[in-house]
Amino acid sequence: MKSLHAPLPALCATVASLLIAGSAWAADAKPAFKPDPAKGQAVAQVCGACHTSDGSRGAPANPIIAGQHPEYIVKQLQEFKGGKRKSAVMNGMAAPLSEDDMRHVAAFYAGKTAKPGAAKSKDTIRLGERIWRGGIAEKMVPACAGCHGPTGSGIPAQFPRLAGQHGDYLEAQMNAFRSGARANSAQMNAIAAKMSDVEIKAVSDYAAGLQ
(Lines give C-alpha, C1' and ligand atoms only; values in the text may rest on other atoms or scores of the structure.)
Protein backbone atom coordinates (compact mmCIF):
# COMPACT_ATOMS: atom_id res chain seq x y z
CA MET A 1 0.00 0.00 0.00
CA LYS A 2 1.31 3.42 -0.91
CA SER A 3 1.80 5.96 1.85
CA LEU A 4 -0.83 8.67 2.02
CA HIS A 5 1.83 11.15 3.13
CA ALA A 6 4.14 13.03 0.74
CA PRO A 7 7.82 12.03 0.89
CA LEU A 8 9.76 14.14 3.38
CA PRO A 9 12.02 15.79 0.74
CA ALA A 10 9.00 16.87 -1.30
CA LEU A 11 7.26 18.21 1.79
CA CYS A 12 10.34 20.23 2.77
CA ALA A 13 10.59 21.63 -0.75
CA THR A 14 6.95 22.74 -0.63
CA VAL A 15 7.39 24.45 2.74
CA ALA A 16 10.55 26.17 1.53
CA SER A 17 8.80 27.50 -1.58
CA LEU A 18 5.97 28.89 0.52
CA LEU A 19 8.41 30.60 2.85
CA ILE A 20 10.28 32.15 -0.08
CA ALA A 21 7.03 33.36 -1.67
CA GLY A 22 5.93 34.81 1.65
CA SER A 23 9.23 36.61 2.09
CA ALA A 24 8.99 38.06 -1.42
CA TRP A 25 5.44 39.30 -0.74
CA ALA A 26 6.54 40.90 2.52
CA ALA A 27 9.41 42.64 0.75
CA ASP A 28 7.03 44.03 -1.88
CA ALA A 29 4.36 45.12 0.64
CA LYS A 30 4.24 48.88 1.15
CA PRO A 31 4.73 50.20 4.67
CA ALA A 32 1.70 51.77 6.34
CA PHE A 33 1.19 55.37 5.24
CA LYS A 34 2.14 57.89 7.88
CA PRO A 35 0.94 61.47 7.37
CA ASP A 36 3.66 64.11 7.75
CA PRO A 37 2.49 67.42 9.28
CA ALA A 38 5.60 69.17 7.93
CA LYS A 39 4.68 68.16 4.38
CA GLY A 40 1.13 69.20 5.13
CA GLN A 41 2.28 72.65 6.21
CA ALA A 42 4.12 73.08 2.93
CA VAL A 43 1.07 72.05 0.91
CA ALA A 44 -1.18 74.26 3.06
CA GLN A 45 0.69 77.48 2.36
CA VAL A 46 -2.05 78.58 -0.03
CA CYS A 47 -4.75 77.69 2.50
CA GLY A 48 -3.63 80.43 4.87
CA ALA A 49 -5.30 83.16 2.84
CA CYS A 50 -8.72 81.95 4.00
CA HIS A 51 -8.01 79.74 7.00
CA THR A 52 -5.00 81.62 8.50
CA SER A 53 -1.59 80.00 8.84
CA ASP A 54 -2.72 77.60 11.59
CA GLY A 55 -6.37 77.16 10.62
CA SER A 56 -7.67 79.08 13.62
CA ARG A 57 -10.17 81.96 13.86
CA GLY A 58 -9.95 83.53 10.42
CA ALA A 59 -12.90 85.26 8.78
CA PRO A 60 -16.26 84.06 10.14
CA ALA A 61 -17.32 82.99 6.64
CA ASN A 62 -14.56 80.37 6.58
CA PRO A 63 -14.40 77.35 8.90
CA ILE A 64 -11.90 76.97 11.71
CA ILE A 65 -10.02 73.77 10.85
CA ALA A 66 -7.38 73.81 13.59
CA GLY A 67 -7.97 70.77 15.78
CA GLN A 68 -10.49 69.27 13.38
CA HIS A 69 -10.50 65.48 13.02
CA PRO A 70 -8.02 64.57 10.25
CA GLU A 71 -10.37 61.90 8.89
CA TYR A 72 -13.10 64.51 8.49
CA ILE A 73 -10.77 66.97 6.76
CA VAL A 74 -9.69 64.28 4.29
CA LYS A 75 -13.31 63.33 3.64
CA GLN A 76 -14.28 66.92 2.87
CA LEU A 77 -11.27 67.45 0.59
CA GLN A 78 -12.13 64.25 -1.28
CA GLU A 79 -15.70 65.42 -1.72
CA PHE A 80 -14.63 68.89 -2.86
CA LYS A 81 -12.30 67.28 -5.40
CA GLY A 82 -14.96 64.83 -6.56
CA GLY A 83 -17.64 67.52 -6.78
CA LYS A 84 -19.92 65.96 -4.19
CA ARG A 85 -19.55 69.11 -2.10
CA LYS A 86 -19.81 72.33 -4.07
CA SER A 87 -17.68 75.42 -3.48
CA ALA A 88 -16.35 77.74 -6.15
CA VAL A 89 -13.16 78.17 -4.13
CA MET A 90 -12.63 74.76 -2.56
CA ASN A 91 -13.44 72.69 -5.66
CA GLY A 92 -10.53 74.38 -7.40
CA MET A 93 -8.23 74.21 -4.37
CA ALA A 94 -8.81 70.48 -3.87
CA ALA A 95 -8.56 69.52 -7.53
CA PRO A 96 -4.74 69.19 -7.72
CA LEU A 97 -4.35 67.47 -4.35
CA SER A 98 -3.39 63.81 -4.23
CA GLU A 99 -4.67 61.47 -1.52
CA ASP A 100 -1.30 61.75 0.22
CA ASP A 101 -1.45 65.56 0.04
CA MET A 102 -4.86 65.53 1.69
CA ARG A 103 -3.66 63.33 4.53
CA HIS A 104 -0.56 65.43 5.10
CA VAL A 105 -2.63 68.64 5.18
CA ALA A 106 -5.19 67.06 7.51
CA ALA A 107 -2.44 65.96 9.89
CA PHE A 108 -1.01 69.47 9.93
CA TYR A 109 -4.29 71.17 10.85
CA ALA A 110 -5.41 68.42 13.22
CA GLY A 111 -2.24 68.95 15.24
CA LYS A 112 -3.11 72.57 15.95
CA THR A 113 -5.20 73.78 18.86
CA ALA A 114 -8.15 75.98 18.04
CA LYS A 115 -8.67 79.08 20.14
CA PRO A 116 -11.86 79.10 22.23
CA GLY A 117 -14.95 80.69 20.75
CA ALA A 118 -17.96 82.32 22.35
CA ALA A 119 -21.68 82.61 21.78
CA LYS A 120 -22.78 86.12 20.80
CA SER A 121 -26.48 86.18 21.61
CA LYS A 122 -27.67 85.98 25.21
CA ASP A 123 -31.26 86.01 23.97
CA THR A 124 -31.03 82.68 22.16
CA ILE A 125 -28.52 80.80 24.31
CA ARG A 126 -31.22 78.78 26.12
CA LEU A 127 -32.94 77.80 22.88
CA GLY A 128 -29.61 76.80 21.35
CA GLU A 129 -28.71 74.74 24.40
CA ARG A 130 -32.10 73.01 24.40
CA ILE A 131 -31.75 72.02 20.74
CA TRP A 132 -28.16 70.90 21.19
CA ARG A 133 -28.92 68.72 24.19
CA GLY A 134 -32.45 67.54 23.51
CA GLY A 135 -33.34 68.32 19.90
CA ILE A 136 -36.82 69.48 18.89
CA ALA A 137 -39.20 66.66 19.75
CA GLU A 138 -42.27 68.03 17.97
CA LYS A 139 -40.31 68.27 14.72
CA MET A 140 -38.45 65.00 15.21
CA VAL A 141 -35.12 66.86 15.16
CA PRO A 142 -32.52 64.84 17.11
CA ALA A 143 -30.18 66.34 19.67
CA CYS A 144 -26.99 67.67 18.12
CA ALA A 145 -25.08 66.16 21.03
CA GLY A 146 -26.06 62.70 19.85
CA CYS A 147 -23.60 62.91 16.97
CA HIS A 148 -21.35 65.85 17.79
CA GLY A 149 -21.00 65.11 21.50
CA PRO A 150 -22.12 67.08 24.58
CA THR A 151 -19.11 69.38 24.25
CA GLY A 152 -19.06 69.49 20.45
CA SER A 153 -16.03 67.24 20.11
CA GLY A 154 -17.57 65.24 17.26
CA ILE A 155 -16.70 61.75 16.02
CA PRO A 156 -13.75 61.29 13.61
CA ALA A 157 -14.63 60.93 9.91
CA GLN A 158 -18.39 60.94 10.42
CA PHE A 159 -19.15 64.03 12.48
CA PRO A 160 -16.93 67.12 12.73
CA ARG A 161 -15.79 68.92 15.82
CA LEU A 162 -18.08 71.96 16.17
CA ALA A 163 -17.01 73.37 19.52
CA GLY A 164 -15.75 76.91 19.08
CA GLN A 165 -16.56 76.98 15.36
CA HIS A 166 -17.65 80.32 13.88
CA GLY A 167 -21.37 80.64 14.50
CA ASP A 168 -21.78 82.51 11.21
CA TYR A 169 -20.15 79.64 9.33
CA LEU A 170 -22.30 77.01 11.07
CA GLU A 171 -25.45 78.98 10.32
CA ALA A 172 -24.49 79.29 6.64
CA GLN A 173 -23.83 75.55 6.40
CA MET A 174 -27.12 74.68 8.10
CA ASN A 175 -28.95 76.93 5.64
CA ALA A 176 -27.07 75.27 2.77
CA PHE A 177 -28.08 71.84 4.05
CA ARG A 178 -31.68 73.01 4.35
CA SER A 179 -31.82 74.40 0.81
CA GLY A 180 -29.94 71.45 -0.68
CA ALA A 181 -27.07 73.64 -1.84
CA ARG A 182 -24.82 71.43 0.30
CA ALA A 183 -25.67 67.83 -0.43
CA ASN A 184 -22.85 65.73 1.00
CA SER A 185 -24.80 64.62 4.07
CA ALA A 186 -28.30 63.24 3.64
CA GLN A 187 -28.66 63.15 7.41
CA MET A 188 -27.98 66.88 7.79
CA ASN A 189 -30.20 67.75 4.82
CA ALA A 190 -33.10 65.98 6.55
CA ILE A 191 -32.44 67.59 9.93
CA ALA A 192 -31.94 71.14 8.67
CA ALA A 193 -35.07 70.91 6.51
CA LYS A 194 -37.19 70.76 9.67
CA MET A 195 -35.60 73.75 11.40
CA SER A 196 -36.58 77.42 11.31
CA ASP A 197 -34.24 80.35 10.81
CA VAL A 198 -34.44 81.15 14.52
CA GLU A 199 -33.62 77.58 15.55
CA ILE A 200 -30.68 77.32 13.17
CA LYS A 201 -29.26 80.63 14.31
CA ALA A 202 -29.68 79.75 17.99
CA VAL A 203 -28.00 76.35 17.87
CA SER A 204 -25.20 77.64 15.62
CA ASP A 205 -24.42 80.41 18.07
CA TYR A 206 -24.57 78.00 21.00
CA ALA A 207 -22.09 75.62 19.33
CA ALA A 208 -19.68 78.51 18.84
CA GLY A 209 -19.39 78.84 22.62
CA LEU A 210 -18.81 75.16 23.39
CA GLN A 211 -15.40 74.13 24.67
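My aim in this report is to walk through the structure given alongside it, one point at a time. Only a predicted model underlies this, so the values are computations on that prediction, with no experimental measurement involved. Throughout this document, residue positions are counted from 1 along each chain, in the order its sequence is written. A pLDDT threshold of at least 70 governs which residues receive local features in this predicted model, and a stricter bar of 80 or more applies before side-chain atom pairs are shown or counted, although totals over entire chains, interfaces and linings include all residues. To get the side-chain values, all heavy atoms of the structure are used, and hydrogens and water are removed first.

### A look at the overall build of the protein chain
Moving on, step 1. Segments assigned H or I by DSSP are reported as helices when at least four residues long, segments assigned E as strands when at least two residues long, and all are numbered from the N terminus. Scanning the protein chain from N- to C-terminus turns up 11 helices and 0 strands.
Moving on, step 2. Secondary structure elements in the protein chain, listed N-terminal to C-terminal, are α-α-α-α-α-α-α-α-α-α-α.
Moving on, step 3. Throughout, a residue-residue contact means that at least one pair of heavy atoms, one from each residue, lies within 4.5 Å. Looking at the protein chain alone, contacts between residues at least 24 apart form 66% of all its contacts between residues at least 6 apart.
Moving on, step 4. Here the accessible surface of atoms and residues is derived via Shrake-Rupley with a 1.4 Å probe, and residues count as covered only by protein chains that are part of the display. For the protein chain, the accessible surface area stands at approximately 12,300 Å², while carbon and sulfur atoms represent 61% of it.

### Digging into the packing of aromatic side chains
Moving on, step 1. A pair of Phe, Tyr and Trp rings is counted when the ring centres sit within 6.5 Å of each other, with Trp represented by its six-membered ring. The angle between the planes then sorts it: under 30 degrees is stacked, over 60 is edge-to-face, the rest tilted. Tallied over the entire structure, the rule returns 2 aromatic pairs.
Moving on, step 2. Centroid distance Trp132 to Tyr206: 6.3 Å. Interplanar angle 55 degrees. Geometry classified as tilted. Placement of the pair is Trp132 in helix H7 (residues 125–134) and Tyr206 in helix H11 (residues 197–208), with a sequence separation of 74 residues.
Moving on, step 3. The rule is simple: take the accessible area with a 1.4 Å probe, protein chains only, and divide by the maximum for that residue type; under 20% is buried, over 50% is exposed, in between is partly exposed. By relative accessible area, which is 10% here, Tyr206 ends up buried.
Moving on, step 4. It is Arg103 that lies over the ring of Phe33; its NZ or CZ is 5.4 Å from the centre. Any Lys NZ or Arg CZ found within 6 Å of a ring centre and within 35 degrees of that ring's normal is scored as a charge over the ring.

### Looking at empty space enclosed by the protein
Moving on, step 1. We place a 1 Å grid over just the protein atoms. Points where a 1.4 Å probe fits but has no way out form a cavity, open points with protein on both sides within 12 Å along at least 5 of 7 lines form a pocket, and any residue with an atom within 4 Å of a point lines it. Grid points are joined across faces, edges and corners, and a volume is the space filled by probe spheres set on the points. Taken as a whole and judged by the stated rule, the model has 1 cavity of 30 Å³ or more.
Moving on, step 2. In this structure, the largest cavity spans a volume of roughly 70 Å³.
Moving on, step 3. Lining of the largest cavity is provided by Ile64, Ala66, Gly67, Gln68, Ala114, Arg161, Ala163, Gly164 and Gln165.
Moving on, step 4. Grouping the amino acids of the lining of the largest cavity by side-chain chemistry returns 4 nonpolar, 4 polar and 1 charged. Under the scheme applied, nonpolar residues are Ala, Val, Leu, Ile, Met, Phe, Trp, Tyr, Cys and Pro; charged residues are Asp, Glu, Lys and Arg; polar residues are all the others, including Gly.

### Quick word on the side chain of His166
Moving on, step 1. Along the polypeptide, His166 turns up in the loop between helix H8 (145–148) and helix H9 (167–179).
Moving on, step 2. Here the side chain of His166 touches Gly58 through a polar contact of 3.2 Å, landing on its backbone oxygen.
Moving on, step 3. Contacts of His166, omitting those with residues within four sequence positions, involve Arg57, Gly58, Ala59, Pro60, Asn62 and Ile64. As used in this structure description, the phrase polar contact means that two N or O atoms lie within 3.5 Å; if the pair is within protein, one of them must be able to donate a hydrogen and the other to accept it, and residues adjacent in sequence are counted only when both atoms belong to side chains.

### So, the environment of Ala192
Moving on, step 1. Take Ala192: it is sitting in helix H10 (residues 186–192).
Moving on, step 2. Along the backbone, Ala192 and Ala176 are 16 residues apart, and their C-alpha atoms lie at a distance of 8.7 Å.
Moving on, step 3. In contact with Ala192, not counting residues within four places along its chain, are Met174, Phe177, Arg178 and Ile200.

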